[in-house]
Amino acid sequence: MGVLYVVATPIGNLEDLSPRARRILGDVSLVAAEDTRHTGSMLRRLGIGTPLISNHGFNERSRVERLLEALADGDVALVSDAGTPAISDPGAIFVRAAAEAGYKVIPIPGPSAVTAAVSASGLVDGQFLFVGFLPRASGERDKTLSAALKSGVPLVLYESGNRINALCESLESNAPNREIAVFRELTKLHEQAIRGVAADLSTLLTDISRKGEFVVVVGVGAETNPVDLDQLIRHELAHGRKASDIARELAKQTDQPRSEIYDRVLVLSKTDNQGA
């Protein structure tokens with residue numbers, strides 16, 4: 001009965017591959033890879049000729065039986081394009097199926113964009129919430145981000161280069177005062193990092209290439225309780241300010257989502273006028 005090895009591979013620099021991972025990749029009977037071209041290139045550079053089979057997001061479920069058959073005949077290594085499998089990458093379905101079928105599953109730890117960014121951010125000294133990629137649709141993206149920001153712990157977000165501007169807009173709107181650390185192309189030749197507050201993200205990213213992958217670490221913001229927020233809103237309403245202006249200014253002051261403050265302004269405006 002074979003063993004399933006879940007192998008972490010470099011997120012950029014090939015030197016980050018551990019000696020143990022290299023040995024495992026050469027010893028197993030089969031490597032299940034997210035992209036056989038990418039992994040094949042890596043194995044050739046290492047002088048490893050282990051056979052490959054694809055296991056990506058579009059075929060993972062249909063691959064399970066084939067991969068379990070391979071485990072019955074020998075050891076299998078599971079890898080993603082970069083980093084640790086099943087962390088915002090395919091792999092969890094096969095791992096669970098192998099474990100449920102009675103096969104031993106052994107992790108071969110190593111590179112991970114999550115831990116690399118957290119360790120270099122300076123914004124995390126305990127718990128954090130790994131959010132991964134936010135939804136593409138703006139409404140769902142803001143809803144998911146807003147809920148995550150209420151967790152009370154730092155956040156770690158992934159984003160692609162072609163959507164980083166949308167993430168910047170969401171963070172600027174929902175958490176303008178939060179400290180952030182943005183990492184582009186971690187461990188790669190053109191690695192970049194910037195630090196600041198979310199309100200300045202677009203400016204900070206002006207000279208940053210939009211190519212590649214981004215990891216964004218968002219620090220913990222100051223807490224403001226609902227009673228204090230209501231008092232602030234009523235104070236602004238008493239001075240005749242517009243709801244949109246109030247929401248924009250109080251989002252900066254309280255680090256609460258502008259959309260939620262705007263909704264609260266409308267509620268208080270309506271109820272206070274009815275009670276007058």
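How each quantity is defined
- Every chain begins its residue count from 1, and numbering advances along the sequence as written.
- Only residues with pLDDT of at least 70 are given local features in this predicted model, and only at 80 or more are side-chain atom pairs given and counted; all residues enter the totals for whole chains, interfaces and linings.
- Computation of side-chain values: all heavy atoms of the structure, hydrogens and water removed.
- Throughout, an axis means a line fitted to C-alpha atoms (over the contacting stretch in the case of helices), and angles, computed between N-to-C directions, take values from 0 to 180 degrees.
- Helical segments are the DSSP runs of H or I of at least four residues, strand segments are the runs of E of at least two, and each set is numbered from the N terminus.
- Between 65 and 115 degrees an angle is taken as roughly perpendicular, under 35 as roughly parallel, over 145 as roughly antiparallel, and anywhere else as oblique.
- Take the far helix as your reference; a near helix turned counterclockwise from it by less than a right angle gives a left-handed crossing, and one turned clockwise gives a right-handed crossing.
- A contact between two residues is defined here by any heavy atoms of the two lying within 4.5 Å.
- Residue polarity follows a fixed list, in which Ala, Val, Leu, Ile, Met, Phe, Trp, Tyr, Cys and Pro are nonpolar, Asp, Glu, Lys and Arg are charged, and the others, Gly among them, are polar.
- Stacked, tilted and edge-to-face are the three classes applied to pairs of Phe, Tyr and Trp rings, where Trp contributes its six-membered ring and a pair requires centres within 6.5 Å; stacked means planes under 30 degrees apart, edge-to-face means over 60, and tilted covers the rest.
- Throughout, exposure labels follow a simple rule: accessible area from a 1.4 Å probe, protein chains only, divided by the maximum for the residue type, with under 20% read as buried, over 50% as exposed, and the rest as partly exposed.
- Any two strands with at least two DSSP-identified bridges between them are counted as paired.
- What a helix should span is 1.5 Å times the count of its residues minus one.
- The arc refers to the directions leading from the helix axis to the C-beta atoms.
- Here the positive residues are Lys and Arg and the negative ones are Asp and Glu; neither His nor the chain ends is included.
- What makes a salt bridge here is a side-chain nitrogen of Lys or Arg within 4 Å of a carboxyl oxygen of Asp or Glu, nothing more.

**Q** Mind showing me how you'd approach the packing of helix H3 (residues 60–73) against helix H4 (residues 92–100) here?
**A** Two quantities define a packed helix pair, namely the angle between the axes and the distance from one axis to the other. One can describe the packing of H3 onto H4 by two numbers: an axis separation of 9 Å at closest approach and a directional angle of 45 degrees. With respect to H4, the axis of H3 lies oblique. Crossing angle aside, the handedness with which H3 passes H4 is right-handed. Residues Glu60, Arg61, Val64, Leu67, Leu68 and Leu71 of H3 form the contact with H4, whose own contacting residues are Ala92, Ile93, Phe94, Ala97 and Ala98. Along the lines of polarity and charge, the residues of the contact of H3 with H4 split into nine nonpolar, no polar and two charged.

**Q** Please clarify how the packing of aromatic side chains should be interpreted in this entry.
**A** For any pair of aromatic rings, the description rests on two quantities: the centre-to-centre distance and the angle between the ring planes. Enumeration over the complete set of coordinates arrives at two aromatic pairs. Ring centres 5.1 Å apart and planes at 70 degrees place the aromatic pair Phe130 and Tyr158 in the edge-to-face group. Of this pair, Phe130 sits in strand S6 (residues 129–133) while Tyr158 sits in strand S7 (residues 155–160), and the two are 28 residues apart along the sequence. On the basis of relative accessibility, which here comes to 28%, the residue Phe130 falls in the partly exposed class. What makes Tyr158 buried here is its relative accessible area of 10%.

**Q** Help me understand the environment of Asp200, please; the structure alone is not making it clear to me.
**A** Structurally, Asp200 is set in the loop between strand S9 (192–197) and helix H8 (201–204). Separated by 169 residues in the primary sequence, Asp200 and Val31 place their C-alpha atoms 44 Å from one another.

**Q** Would you explain the packing of helix H6 (residues 138–149) against helix H7 (residues 164–174) in this entry?
**A** Put simply, H6 and H7 touch, their axes get as near as 10 Å, and they point 50 degrees apart. Between H6 and H7, the crossing angle belongs to the class labelled oblique. Regarding H6 and H7, the two cross each other, and that crossing is right-handed. Residues Arg141, Asp142, Leu145 and Leu149 of H6 lie in contact with H7, whose contacting residues are Ala166, Ser170, Leu171 and Asn174. Split into classes, the residues belonging to the contact of H6 with H7 amount to four nonpolar, two polar and two charged.

**Q** In this structure, what is going on with the pairing of strand S4 (residues 76–79)? I would like to understand it.
**A** Two faces belong to every sheet, and in a regular strand the side chains alternate between them. A two-sided burial pattern is seen for S4, the buried positions comprising Val76 and Leu78 on one face and Ala77 and Val79 on the other. In the sheet, strand S1 (residues 3–7) pairs with S4 via three bridges, with the strands oriented parallel. Its bridge partner being in S4, Leu4 is matched across the sheet by Val76. Taken together, the four bridges between strand S2 (residues 30–33) and S4 define a ladder with parallel strand orientation. In the sheet register, Leu30 faces S4, and the bridge partner there is Val76.

**Q** Is there a simple way to think about the sheet that holds strand S10 (residues 213–218) in this case?
**A** Strand pairing in a sheet relies on backbone hydrogen bonds, with the paired strands running either antiparallel or parallel. Taken in spatial order, the five strands line up as S6-S7-S10-S8-S9 in an open sheet, and their pairing is mixed. The open sheet has two edge strands with one neighbour each: S6 and S9. Across this sheet, the average inter-strand angle for adjacent strands is 15 degrees, counted without regard to direction. Bridge analysis of S6 against S7 gives four bridges, and the strand direction is parallel. Paired with Leu129 across the bridge in S7 is Leu155. Where helix H5 (residues 113–121) meets the sheet, it contacts S6, S7, strand S8 (179–184), S9 and S10, and its direction lies at approximately 50 degrees from that of S10.

**Q** Honestly, H6 in this entry has me stumped. Any pointers?
**A** A turn of α-helix holds 3.6 residues, and therefore any two residues three or four places apart point the same way. For H6, which comprises twelve residues, the first-to-last C-alpha distance of 16 Å matches the rise-based estimate of 16 Å (1.5 Å per residue) to within 8%. Of all the positions in H6, only Arg141, Leu145, Ser146, Ala148 and Leu149 are classed as buried. Looking straight down H6, one finds that the buried residues subtend no more than 160 degrees of arc, so they occupy a single side.

**Q** Just checking my understanding: could you explain the side chain of Glu60 for this structure?
**A** Assignment of secondary structure puts Glu60 in helix H3. Among buried Asp, Glu, Lys and Arg side chains, Glu60 stands out as unpaired, with Arg61 the closest opposite charge at 7.2 Å. Ignoring sequence-local partners within four residues, the contact set of Glu60 consists of Asn55, Pro90, Gly91, Ala92, Ile93 and Phe94.

**Q** Teacher, can you tell me more about unusual backbone geometry here?
**A** Note: most residues except glycine have negative phi, and most peptide bonds are trans. Positive phi outside glycine occurs at Ser88, with the angle close to 55 degrees. Unlike most non-glycine residues, Thr187 shows phi in positive territory, near 70 degrees. Checked against the element boundaries, Thr187 lands in the loop between S8 and S9. Of the residues examined, Thr187 reaches a relative accessible area of 23% and is grouped as partly exposed.

**Q** Honestly, the pattern of salt bridges in this entry has me stumped. Any pointers?
**A** Two side chains with opposite charge may pair up if their charged atoms get near one another. Applying the stated criterion across every chain yields a total of nine salt bridges. Ionic pairing is found between Lys150 and Glu260, a salt bridge with its closest N-O pair at 3.0 Å. Remark: Glu260 occurs in helix H11 (residues 258–275) and Lys150 occurs in the loop between H6 and S7; sequence separation between them is 110 residues. Of the residues examined, Lys150 reaches a relative accessible area of 57% and is grouped as exposed. In this structure, the salt-bridge partner of Arg163 is Glu159, at a minimum N-O distance of 3.2 Å.

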